[in-house]
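Understanding the architecture of this molecule
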Amino acid sequence: MTTSPVPSPPRRATSVAAPLPRVQQAPAIQDTAYLASLKKVTQYYIVTAFLALFVGVMIGPLQALNYAGINLYDNPIVKALLKSYYQGLSLHGVLNALVFTQFFISGWMLYLPVRDLGARINMKFAWFTYVLMTAGLLMAAVSLLSNRATLLYTFYPPMEGDALFYIGAAIMVGSSLLVVGQVVSTWWNWKRANPGRVTPLVTFMSVATWMMWAVASLGIVTEVVVLLIPWSLGITQGVDPLLSKTLFWWTGHAIVYFWVLPAYISWYAFVPHHAGGRTASEPLTRLVFVLFLLNSTPVGIHHQYADPNISNLWKTIHMFLTFLIAIPSLLTAFSVAASLEDAARARGGRGLVGWVRKLPWGNPVFSAQVLAMISFIPGGAGGIVNASSSFSPVVHNTAWIPGHFHITVATATALTFMGISLWLIPHLTGKRLPSVKIASFGVWSWFFGMMLFALGMHWEGLLGVTRRAQVSATAQDIYHTAQLALPQAITGISGVVLLASAVAYFYVLFGMLLSRRIDDGEAAAPIPYSEAISPAGEQLATASPIVRATEPLLALWVMALLLVLLMYGPVIGKLLSNMQPVPGWRLY
Ligand code: HAS
Ligand code: CU1
């Protein structure tokens, strides 16, 4: 007999005298056909996400080996599949960073608030959105796979791709705004039906994140719809690269919080449960998400310190706002660490750091997510280095940057999503993990592989190796020095470790998906809500000032929009008044 995939946490051995608040449960949904359809659409989003990740990840070792000085792109088998290093890198970046994340998040943050509120949504609309998003993905994929959109995942003009790529990308990103509409309106209907009630935490976090994305995505949507599609169709003759790039980074920085906040939802609301502990503070968690809603977007110019025609004043303002946006992550670090300590001590953990051993490291649902958090400690610290205009010239456009984002999006986010999938798929489908051991191997080796990759790449970056360069195919001496031998070896080894890790994880994931349904997912793998040490309460009238101040999310959303207009308006106004359109250029 197979064991239950998600081991239940032990009962708390606690000395707290007062009765503990009841652990929240998702309100029961009686209409089984509706629930089945909701679970099915969520499963489609999640599985599409992981299929994209699977293809994207398989190209990863080629990139790692490139930075180890080993060029496999000239191998005949690879050559038959990928025309160039840049096609491989474009597919790797688009599939992993854009497609995997957006599909996973759309399923995850549609399902959670709907279940949290016990709401009834229009399933036809939910399916329509999924189909539209997938159609956009397939359109873009045709161009990418046929080497007609080899533009890297930032698709900076004047490099030009097929119109189909831009149209597909616009449809894909635009569909995520339909999810925003459906979730926000579901929450709003709940508010009207429940006046004076505090929005439940998971819904609150999901709605705040979707609202942030609605503000953040405006930049890329404008760039693609107004500038790139007409240009690629030949309706306009040129495009201003700097204006495009600025609109891109309007979205491009905030998108990293669109990737990491869905992971934070799990870290705050569910990881304590897996450890047998409690969320530290609901009011603080709400404050964190509101800070992200307000300040995630007006910071993107930290990607453009080296660009002309943007004044130092605006670069400096965005730099300070970037430092400010690290604060809600620091609050998260201490708050989530406190909830882990609470859990470990409840399991008998002792000592200043000895309690860490009492955490359930053998449960891959838990270990994936906590290892993801650990990777985010150096990941976040590196981000603060990148944001400092004085350090930026040392690291900008070097291998340091992919080092940074493989321990943020590729670990903090992706490893968390991998951990979540190990309970979410059983929950949605009633299927079981084929092997907890292999799943554990997959998540631990992912963590070590990514940490090695990050070490090698940060180090190479400091030695001046550029990013996005086929360094393995050049005979230039600067890429073959003795100094580089060790970081290159580390990077190469990481590629092999990560390949092994991906094989293990996808064996478990696909094995589970292809197996027979055994359980009732609702009973065998319920949504793992945690208790809160400091709950928000249910009624606004009696709630704390923080809970009352953070509840009006719609008003805060308007403030976020105003703030971004204030912080980007003058910059974009200047670029518009001084347009420099240039014709496009094709690399292939
Ligand atoms: Fe970044 C470039 C600055 C966070 C992703 N970033 C990138 C790129 C990507 C990316 C993809 O300022 C490349 C873009 C490109 O292709 O050009 N980043 C930051 C800053 C933060 C930050 C200040 N980045 C992220 C996150 C990402 C991400 C999150 C994805 C998910 N980044 C930059 C800058 C650049 C940049 C510049 C441009 C560089 C250039 O020159 O081109 C901050 O948000 C980071 C704050 C984070 C922290 C860490 C908190 C730690 C936590 C974990 C706690 C651990 C626990 C475990 C609880 C302060 C929350 C305890 C364990 C126990 C066992 C008890
Ligand atoms: Cu950024």
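See the structure printed just above.
Read on for an overview of the structure. (Residues numbered from 1 in each chain as written. Chains lettered and ligands numbered in written order. Predicted model: local features only at pLDDT ≥ 70, side-chain atom pairs only at ≥ 80, totals over all residues. Heavy atoms only, no water.)

On to the pattern of salt bridges, then. For the structure on display, the rule yields 13 salt bridges. The closest approach of N and O atoms between E522 and R115, which form a salt bridge, is 2.9 Å. Within this pair, whereas E522 is found in helix α18 (residues 521–524), its partner R115 is found in helix α3 (residues 85–117), the two being separated by 407 residues in sequence. Residue R115 is classed as buried on the basis of its relative accessible area, which comes to 1%. Its salt-bridge partner being E282, residue R286 comes within 3.4 Å of it at the nearest N-O pair. With R286 and E282 both in helix α10 (residues 282–295), this residue pair falls four residues apart, about one helical turn. (Salt bridge = Lys/Arg side-chain N within 4 Å of Asp/Glu carboxyl O. Helix = DSSP H or I, 4+ residues; strand = E, 2+ residues; numbered from the N terminus. Buried < 20%, exposed > 50% of the residue type's maximum accessible area, 1.4 Å probe, protein only.)

A few words on the coordination of the iron atom of ligand 1. Just one protein atom donates to the iron atom of ligand 1; it is H404 (NE2), sitting 2.2 Å from the metal. Separating the iron atom of ligand 1 from the copper ion (ligand 2) is a distance of 4.6 Å. Following the sequence through the fold, H404 ends up in helix α14 (residues 400–406). (Donors = N, O, S within 2.8 Å, 3.2 Å for Na, K, Ca; no water.)

The next thing to look at is the site of ligand 1. Taken together, 32 residues surround ligand 1, and among them Y153, Y257, H396, H404 and R467 come closest. Here an oxygen atom of ligand 1 sits 2.6 Å away from a polar atom, N or O, in the side chain of Y257. Here an oxygen atom of ligand 1 and a backbone polar atom of A387 are 3.1 Å apart. Contributions of two or more residues to the shell around ligand 1 are made by α8 (241–269), α11 (312–346), α12 (364–387), α14 and α15 (409–429). (Near = heavy atom within 4 Å. Polar contact = N/O pair within 3.5 Å; in protein donor to acceptor, adjacent residues only side chain to side chain.)

Between its first and last C-alpha atoms α12 spans 33 Å; for 24 residues at 1.5 Å apiece the expected length is 34 Å, and the two agree. Maximal helix bending in α12 amounts to about 30 degrees, located at F376; proline P378 follows within four positions. If you check the start of α12, you find a side-chain oxygen 3.0 Å away from the backbone N of V365, and it comes from N363. (Expected span 1.5 Å × (residues − 1). Bend = angle between axes of the 7 residues up to and from the residue.)

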